[in-house]
Amino acid sequence: MTASTSTIPSDDIHDPTSAAYKKARRKFLKSTRGRPDHIDADWTPFRAAEKKYKARFPPPDLFDVLDQASADLKREEEVARGKWKGRADAVPCNEVPLRDGDGHARRAYTFPGTPGLVLLPAFVSPREQRRLVRWALCEQAKHPNETNLDTHYVLPRDGLWNQYAKIRAGECEEQDVLPRASLQDILIQEDLGSRGEPSGPRKLISNEPASPANYIELLTTPKPAAPPAPTLRAVSTTSLVPRLRWANIGWFYHWGTKQYDFTRGPGDIAPLVRDLCKGVVESIPWDHLFGGTESDGVEDWGAEGPDWMYWKETYEPDAGIVNFYQTKDTLMAHVDRSELSATSPLVSVSLGCAAIFLIGGLTRDDPPTAILLRSGDVVVMSGPACRRAYHGVPRILEGTLPPHFEGEDEEGWGIYEEYLRNTRINVNVRQVFPKGFDPTTVPLP
């Protein structure tokens, strides 16, 4: 195994004498020159929190950020990375024991302010984290699963990452990836099954929440293919890898309408991911979260009432996304409205660099809770209040790759470690259809 790198970066943004700090200060002064004094007066609480944690200068104070790893001696070296550290008592939460069939003593945390939110620190073992990273890059980010790059580039059939790995291993020479627009003609458009949408600025979509009642409308809404960018040039495989942002899981998601394209049929869910998500849901003692709410807020759960007591048997992950964040990327506040099952658990797994996760309420006017998510942590969003809550990721924390990703003790692991130093991978999986809903039995108009 190769020696681990230093846990304290030589160019530390937290050190006022470092070049990184001075550069951030110069950029801050330049960008704020002439800015109105009260520019933040109209910001909602959620927007203010996003701005706080996105700030490059001065580095944000994480005093109010929940960081359960900061109280775990087993994660001491991991927490020291990048000097980003919150507090284990920053946010009111309740510890609950997990039902673990393997006999391991694990714990989870629930949040009185956000019913249905569950944090499972270090739920995924370091060994399993490596397996998930390999799966995400090698298996999921390739045909037939769509990625953000497929619209604009003709990607290698075996996947961009797999081609990159061959180049790094000396098995083939560097190759250019062609822009799709350069090959676009009538025949190609017909092969894609659509003439596509007119090119132009991206439109903001405010989609109606999905439900069994509007399934036919969702099914029949036109979902044209997005047009490729017309001005892109051919780029090398190596330079395109950092531009990978997401890969689809299961049911195909149409970004233009923010709806699932049910006409394309269900995609596959890898057993590795399916088993992990089902294991998470089965381990949580749901009666601790919702046991006293059977007769409260029944309308919020839908016409059939609460169904949390059946999740261990009925939960079946069938859609999702793998997000590939670089350290300057963000995910702004949004609400998930696309699943017909509006209450079943959404399972989110963090891998690689740490991040700040914000979750608020039903509007941006609700002050959000800030949680520091580290590699191996799992977040579950469940129930009507939590699944319809605004949430986002305003900051990927640089320099926070945990030590268990270092060292090439697996064949070919070096390129993964190199990639992860500036990357957070998020595996985000959910259930589209509620218990008892069979889309094949719905009569078409």
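Keep in mind the model is a prediction, meaning the values are calculated, not measured.

1. A closer look at unusual backbone geometry
Cis geometry is adopted by the peptide bond preceding Pro58, which originates at Phe57 and carries an omega value of -15°. Structurally, Pro58 is set in the loop between α2 (45-54) and α3 (76-80). Looking along the chain, the bond that leaves His143 and enters Pro144 is cis, with omega of 10°. Note on placement: Pro144 falls in the loop between α4 (126-140) and α5 (160-168). Its identity is not glycine, yet Lys83 carries a phi of approximately 60°, on the positive side.

2. Focus: the nonpolar core
Of all hydrophobic cores here, the largest spans 60 residues; its most connected members are Leu120, Trp286 and Phe324. If sequence neighbours within four positions are ignored, Leu120 has contacts with Leu98, Arg107, Ala108, Val280, Ser283, Ile284, Gly376, Asp377, Val378 and Val380. The next biggest cluster of nonpolar side chains, apart from the first, holds 21 residues, and it includes Leu66, Leu119, Cys353 and Ile359.

3. Here we look at the pattern of salt bridges
All told, the structure shown has 23 salt bridges when counted by the stated rule. Between Glu418 and Arg168 there is a salt bridge whose closest N-O contact spans 3.0 Å. Residue Glu418 is located in helix α13 (residues 414-420), and its partner Arg168 is located in helix α5; the two are separated by 250 residues in the primary sequence. The exposure class assigned to Glu418 is partly exposed, which follows from its relative accessible area of 44%. Looking at Arg168, the relative accessible area reads 39%, which means it is partly exposed. With a shortest N-O distance of 3.0 Å, Arg421 and Glu406 are connected by a salt bridge. Here the residue Arg421 occupies a position in the loop between α13 and β16 (423-430), and Glu406 occupies one in the loop between β15 (391-396) and α13, the gap between them amounting to 15 residues. For Glu406, a relative accessible area of 4% gives the class buried. A cluster of three or more residues bridged by salt bridges with shared partners is formed by Glu77, Arg81, Glu406, Glu417 and Arg421.

4. Describing empty space enclosed by the protein
All told, the structure shown has two cavities of 30 Å³ or more when counted by the stated rule. By volume, the largest cavity amounts to about 40 Å³. Along the walls of the largest cavity sit 10 residues, with Ala210, Leu218, Lys258, Gln259 and Ser338 positioned nearest its centre. Its residues assigned to classes, the lining of the largest cavity shows four nonpolar, three polar and three charged. Each pocket or cavity is described by its volume, and for the second largest cavity that value is around 30 Å³. Lining the second largest cavity are Asp67, Gln68, Ala69, Arg75, Leu119, Pro121, Leu372 and Asp377.

5. Digging into the confidence of the model for the protein chain
Looking at the protein chain as a whole, its pLDDT mean stands at 88, while 86% of the residues score no less than 70. Note on residues 1-9: pLDDT is under 50 here. Beyond four places in sequence and across chains, it has 14 contacts. Taken together, the stretch residues 293-298 has pLDDT below 50 and engages in seven contacts with residues farther than four places along the chain or on a different chain.

6. Here's the deal with the side chain of Ser338
Relative to the elements of secondary structure, Ser338 occurs in the loop between β10 (331-334) and β11 (346-352). According to the relative accessible area criterion, Ser338 is buried, its value standing at 8%. Of note is the side chain of Ser338, whose polar atom sits 3.2 Å from the side chain of Tyr253. Of note is the side chain of Ser338, whose polar atom sits 2.8 Å from the backbone oxygen of Lys258.

7. What to know about the packing of aromatic side chains
This structure, assessed with the given rule, holds 22 aromatic pairs. For the pair Trp251 and Phe433, a centre-to-centre distance of 5.7 Å together with 85° between the ring planes defines the contact as edge-to-face. Remark: Phe433 occurs in the segment after β16 and Trp251 occurs in the loop between β6 (246-250) and β7 (253-254); sequence separation between them is 182 residues. Both rings, one in Trp413 and one in Tyr416, keep their centres 5.0 Å apart while their planes meet at 15°; by these two values the pair is stacked. A relative accessible area of 0% places Trp413 in the buried class. Three or more aromatic residues joined by ring pairs form one cluster here, namely Tyr215, Trp246, Trp251, Tyr253, Trp255, Tyr260, Phe262, Phe433 and Phe437. Over the ring of Phe123 we find Arg106; its NZ or CZ atom is 4.4 Å from the centre of that ring. Above the ring of Tyr310, the side-chain terminus of Lys435 is found at 5.0 Å from the ring centroid.

8. Quick notes on the environment of Asn248
Topologically, Asn248 is positioned in strand β6. The buried category is assigned to Asn248, whose relative accessible area is 5%. Note: C-alpha distance between Asn248 and Thr147 (101 residues apart in sequence) is 6.3 Å. For Asn248, the side chain forms a polar contact with the main-chain nitrogen of Tyr253, separated by 3.3 Å.

What counts and what doesn't
- Residues numbered from 1 in each chain as written.
- Predicted model: local features only at pLDDT ≥ 70, side-chain atom pairs only at ≥ 80, totals over all residues.
- Heavy atoms only, no water.
- Helix = DSSP H or I, 4+ residues; strand = E, 2+ residues; numbered from the N terminus.
- Core = buried A, V, L, I, M, F, W, Y, C linked by side-chain atoms within 4.5 Å.
- Buried < 20%, exposed > 50% of the residue type's maximum accessible area, 1.4 Å probe, protein only.
- Contact = heavy atoms within 4.5 Å.
- Salt bridge = Lys/Arg side-chain N within 4 Å of Asp/Glu carboxyl O.
- 1 Å grid on protein atoms, 1.4 Å probe; cavity = no way out; pocket = protein on both sides within 12 Å on 5 of 7 lines; lining within 4 Å.
- Points joined across faces, edges and corners; volume = space filled by probe spheres on them.
- Nonpolar A, V, L, I, M, F, W, Y, C, P; charged D, E, K, R; others polar.
- pLDDT = per-residue confidence, 0-100.
- Polar contact = N/O pair within 3.5 Å; in protein donor to acceptor, adjacent residues only side chain to side chain.
- Phe/Tyr/Trp six-rings, centres within 6.5 Å; stacked < 30°, edge-to-face > 60°.
- Lys NZ or Arg CZ within 6 Å of the ring centre and 35° of its normal.

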